[in-house]
Amino acid sequence: MSLENGKISSFQLSVLIIGFIFGASVIIAPGQGAGHDAWMAIALGLTEGLLIAWIFTALARHFKGKTLVEINSLVYGKILGNFISVLFIWYLFHLGALVLNNYSRFLELELYPATPKTLTLILIMLVCASSVRRGIEVLARCSLILVTLTILMAIFDTLLVVPHMDLHNLLPILDIPIGKLLWTSHATAIFPFGDAVAFLMVLAFVNKPEKGRSAVFKGVLIAGLVLIGVAVRNAAVLGQMNAIYTYPTYITAQVIDVGDVLTRVEVLVAINLITMGFFKISVAYYGAVLGLAQVFNLRSYRPIILPIGILMVILALTNVSNTAEMFDFANNGYPIYTIPFQIAIPLITLLVAKLRKLPQIGGDQA
Amino acid sequence: MKGKQGFVLILLIIIPVFISGCWDSIELNKLSIISGLGWDVDADTGQVTLTFQSIIPSETKGAAGSSGDGGQKRGNPLHTIQLDSSTGSSAYDALNRYSQHSSRRTFYQHTQLYILGRSAAEQGIYPFLDSIARNPINRPNVLMVVSEKKARDILSIQDGMESIQAMGMAAEIKLSAEYSQYPVVTYLEFAQRLLSETTAPLAPMVGIIEQAGPEGVRVKKTRINGTAVFKGDKMIGHLNEEESRGLLWAINKIKKGFVIIPGANLEIVTAKSKIIPELQDEKIKITIAIDEESNLLEYDGHREISSDLLQDLEKGQAREIERQVMAAVEKSQALNADVFGFGDTVHRKYKKEWPVLKARWEDIYPYIEVVVKVKTHVNEIGEINKALMRD
């Protein structure tokens with residue numbers, strides 16, 4: 001009956017969310033627009049991100065065990081509901097393609113200058129397709145190992161770079177106009193924290209639905225704190241150059257030099273991107289595939305995995321023509337473009353459900 | 001089930017074809033590993049000349065093996081490195097021209113030094129800095145050096161014990177920074193200072209000296225002999241040995257080294273400094289507080305070593321440090337280049353007033369009142385505690 005029979009625990013959900021949020025943000029430094037106040041932009045963004053998480057978890061709590069697609073057709077009826085679902089699925093699909101795009105751009109610039117982007121994209125897409133095929137349970141299980149490794153590597157990098165830090169670089173606090181700070185923190189709330197709205201397609205499979213919200217909060221909070229730490233580290237090491245480099249975390253790792261022996265550890269950052277990007281792409285991919293299967297009442301979502309993946313690769317290759325455009329979109333377009341998906345759809349759906357006095361579902365399910 | 005197995009088999013055959021690594025690998029003997037990169041600009045035509053010092057790997061091995069017969073190698077000084085220049089209208093133009101006539105691919109991941117010719121530095125090095133930062137093959141911790149003459153001249157000198165000259169010079173610069181003589185400046189530090197609103201970028205300056213070598217031959221050697229001071233991306237002057245030391249005292253970069261005062265020589269154990277800005281009635285006053293501890297290395301007075309004497313030494317030492325710092329301050333104010341980062345410290349402390357001050361910084365800086373406060377302490381006096389000679 002159900003398209004997904006797997007169940008994940010709330011702890012696994014938290015870890016998966018951490019991996020998802022790290023996704024592209026391990027290399028694309030969130031809050032970079034705020035210069036050395038990036039950590040503050042992330043802190044404010046984290047607050048707003050928790051608010052976004054509060055909205056979509058409220059919706060998930062109202063309809064326990066239902067994905068957003070099922071919720072939409074319950075709330076709006078079949079036709080309008082499916083229309084809204086398709087919009088949301090587009091967002092997930094586009095999100096996956098954007099992350100794929102970041103991914104291939106970074107790898108082409110820093111690691112594999114001679115390898116065609118298409119090949120890197122196809123390889124990562126095959127891995128993601130395989131994990132989507134095996135369902136959410138498998139993804140959640142491997143997140144535990146890889147996220148732990150990533151956090152350990154971030155701590156390792158940070159310890160090694162301590163001699164190159166100058167905390168004076170963080171002063172004076174609040175050095176940018178307040179408007180710019182607020183805009184940057186909103187951008188940070190949207191990417192990476194708000195993107196967690198994709199978990200509306202996953203929350204249905206948490207074995208104890210009432211613990212879903214606290215699990216989401218925990219995940220967002222831990223990921224946010226790590227990102228704040230990383231932002232402080234990058235600004236302390238790179239100073240003003242933090243705002244200049246496209247991938248400051250990578251450059252920070254390049255600075256590491258322990259006695260001329262332990263150098264060139266920046267590839268660890270690239271490994272972090274490769275593993276964490278995998279989670280972000282997979283969750284978005286999974287949500288899009290599962291959602292589409294539910295909209296069209298398929299018996300299994302598996303037949304559409306590869307077609308969607310191929311389309312995602314094509315979109316990733318074509319939607320942004322260069323890095324300048326990517327950053328322009330990420331800084332100026334994306335924070336507005338995503339508001340309907342991250343805030344409006346969950347909020348309006350929740351309000352309509354309350355107005356129509358739809359009963360809470362799945363309250364007694366264990 | 002059969003079909004699935006067949007599919008897996010096909011995948012197993014196809015995937016290795018695509019992911020087997022190193023299809024575009026380049027072997028070591030096809031690479032020209034650049035150890036030092038020089039940048040000269042012709043003042044008249046604006047043509048850029050890049051000088052590449054490349055390592056010849058097979059030769060470095062040979063040189064190490066035959067270190068016993070050093071006399072033989074001396075006839076051919078550039079036995080492990082090869083020097084080549086190419087000229088073009090921009091950095092990448094020169095680079096491309098080099099690649100076209102080179103037999104090997106250039107490889108920058110082990111570059112130790114960027115050497116900027118003096119006249120190029122005086123004309124502005126922004127195009128060079130940009131081309132370095134933009135290209136991911138360049139690393140942020142390569143050292144920046146200004147050459148007193150042309151960059152090519154420095155790179156062509158085989159100096160001292162290292163077979164790869166650029167590595168030798170990088171080691172020399174790091175050692176001179178360890179002995180607190182001249183600053184060691186990486187590309188990243190240079191760029192950070194360049195991006196600051198007021199702070200002047202720095203780089204150690206290398207000159208060429210001639211010494212009497214064996215058999216009466218004059219041997220050329222490289223020597224660090226100053227600190228180049230930039231304003232924006234243009235070099236405007238330099239600090240001499242004493243002023244460079246004074247600069248290091250002020251910016252908290254003193255690690256080891258010696259303080260020589262009349263009659264005694266002291267070895268620095270620890271040193272810390274802090275720049276404290278104060279803003280009073282639109283006037284900036286800077287206090288440089290230095291805290292130093294040292295051991296007595298040599299003493300040629302005849303007085304008995306008493307705590308009174310040590311106090312005298314401490315005072316003398318404090319005077320000497322203050323003199324060095326003030327020399328640097330005066331030179332930097334004469335150049336009107338904020339080498340200490342006073343502007344940044346004011347910015348950190350007086351955020352609100354900063355926009356106004358920043359706009360007038362050019363007029364403010366030469367007249368800033370600088371006070372140096374030195375606290376010194378002599379820890380140890382060595383293995384003897386009395387004078388060797390009586391009065």
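For the structure given in this document, a descriptive report is provided here. Keep in mind the model is a prediction, meaning the values are calculated, not measured.

1. Points about the interface of chain B and chain A
Part 1 of the reasoning: Facing 22 residues of chain B, the contacting portion of chain A comprises 28 residues.
Part 2 of the reasoning: With both chains or domains summed, chain B and chain A bury close to 2,100 Å², and 57% of this area falls on carbon and sulfur atoms.
Part 3 of the reasoning: The interface formed by chain B and chain A includes one salt bridge.
Part 4 of the reasoning: The salt bridge involving Arg139 of chain B is made with Glu266 of chain A; its shortest N-O contact spans 2.8 Å.
Part 5 of the reasoning: For the interface between chain B and chain A, the tally reads 10 residue pairs in polar contact (both at pLDDT 80 or more).
Part 6 of the reasoning: Mapped by element, the contributors of at least two residues to the side of chain B that touches chain A are α1 (2-19), α9 (187-195) and α12 (342-349) of chain B.
Part 7 of the reasoning: Looking at which element gives the most residues to the side of chain B that touches chain A, the answer is α9 of chain B, with five residues.
Part 8 of the reasoning: For the side of chain B that touches chain A, the per-class residue count stands at 10 nonpolar, seven polar and five charged.

2. A few points about the pattern of salt bridges
Part 1 of the reasoning: One pass over the full model with this rule turns up 15 salt bridges over all chains.
Part 2 of the reasoning: Here Asp195 of chain A makes a salt bridge to Lys280 of chain A, at a shortest N to O gap of 3.0 Å. With Asp195 of chain A in the loop between α7 (178-193) and α8 (212-238) and Lys280 of chain A in helix α10 (residues 267-295), this pair connects stretches of sequence that are 85 residues apart.
Part 3 of the reasoning: The buried category is assigned to Asp195 of chain A, whose relative accessible area is 0%.
Part 4 of the reasoning: Salt-bridge contacts for Glu243 of chain B lead to Lys331 of chain B; the nearest nitrogen and oxygen are separated by 3.4 Å. Within this pair, whereas Glu243 of chain B is found in helix α10 (residues 241-250), its partner Lys331 of chain B is found in helix α11 (residues 307-335), the two being separated by 88 residues in sequence.
Part 5 of the reasoning: A relative accessible area of 11% places Glu243 of chain B in the buried class.

3. Things to note about the sheet that holds strand β11 (residues 264-280) of chain B
Residues and elements named next belong to chain B.
Part 1 of the reasoning: Here we have four strands laid out as an open sheet, ordered β10-β11-β12-β13, and mixed in their pairing. On the outer flanks of this sheet lie β10 (258-261) and β13 (369-378), each paired with one strand and no other. Neighbouring strand axes in the sheet, compared pairwise and without regard to direction, differ in orientation by 40° on average.
Part 2 of the reasoning: As defined by bridge partners, β11 adjoins strand β12 (residues 283-299) across 16 bridges and the pair is classed as antiparallel. Note that in β12 the partner of Ile276 across the bridge is Thr287.
Part 3 of the reasoning: Against the sheet, α10 touches β10, β11 and β12, its axis set at about 65° to β11.

4. Here we look at a nonpolar patch on the surface
Residues and elements named next belong to chain A.
Part 1 of the reasoning: A cluster of nonpolar residues, Phe11, Leu144, Ile145, Leu149, Leu152, Ile155, Leu159 and Val162, forms a patch on the protein surface that exposes about 790 Å² of accessible area.
Part 2 of the reasoning: Broken down by element, the nonpolar patch gets its largest block of residues, six residues, from helix α6 (residues 136-161).
Part 3 of the reasoning: Among the secondary structure elements, Leu149 is positioned in helix α6.

5. Observations regarding the nonpolar core
Part 1 of the reasoning: Leu13, Phe56, Phe199, Tyr285 and Tyr301 of chain A are the most contacted members of the largest nonpolar core, which totals 111 residues.
Part 2 of the reasoning: For this core, the element with the highest residue contribution is α10 of chain A, accounting for 17 residues.
Part 3 of the reasoning: Excluding anything up to four places from it in sequence, Tyr301 of chain A contacts Leu3, Glu4, Val132, Arg133, Gly135, Tyr286, Val289, Leu290 and Ala293 of chain A.
Part 4 of the reasoning: Of all hydrophobic cores here, the second largest spans 93 residues; its members include Tyr245 of chain A together with Ala121, Met144 and Tyr350 of chain B.

6. Re helix α4 (residues 91-101) of chain B
Note: α-helices contain 3.6 residues per turn, so residues at a spacing of three or four share the same orientation.
Part 1 of the reasoning: Among all positions of α4 of chain B, only Ala91, Asp93, Ala94, Leu95 and Tyr98 of chain B are buried.
Part 2 of the reasoning: Check the buried side of α4 of chain B and you find it contacts β1 (31-41), β2 (48-55), β3 (81-88), β4 (105-107) and α6 (126-134) of chain B.

What counts as what
- Residues numbered from 1 in each chain as written.
- Chains lettered and ligands numbered in written order.
- Predicted model: local features only at pLDDT ≥ 70, side-chain atom pairs only at ≥ 80, totals over all residues.
- Heavy atoms only, no water.
- Contact = heavy atoms within 4.5 Å.
- Buried area = accessible area lost by both parts, 1.4 Å probe.
- Salt bridge = Lys/Arg side-chain N within 4 Å of Asp/Glu carboxyl O.
- Polar contact = N/O pair within 3.5 Å; in protein donor to acceptor, adjacent residues only side chain to side chain.
- Helix = DSSP H or I, 4+ residues; strand = E, 2+ residues; numbered from the N terminus.
- Nonpolar A, V, L, I, M, F, W, Y, C, P; charged D, E, K, R; others polar.
- Buried < 20%, exposed > 50% of the residue type's maximum accessible area, 1.4 Å probe, protein only.
- Pairing = 2+ DSSP bridges.
- Axes fitted to C-alpha atoms, helices over the stretch in contact; angles between N-to-C directions.
- Patch = residues over 30% accessible without salt bridge, like charges linked within 9 Å, V, L, I, M, F, W, Y side chains within 5 Å.
- Areas by Shrake-Rupley, 256 points an atom, 1.4 Å probe, with all protein chains shown as cover.
- Core = buried A, V, L, I, M, F, W, Y, C linked by side-chain atoms within 4.5 Å.

Note that all results are geometric; they support no functional claim without further evidence.
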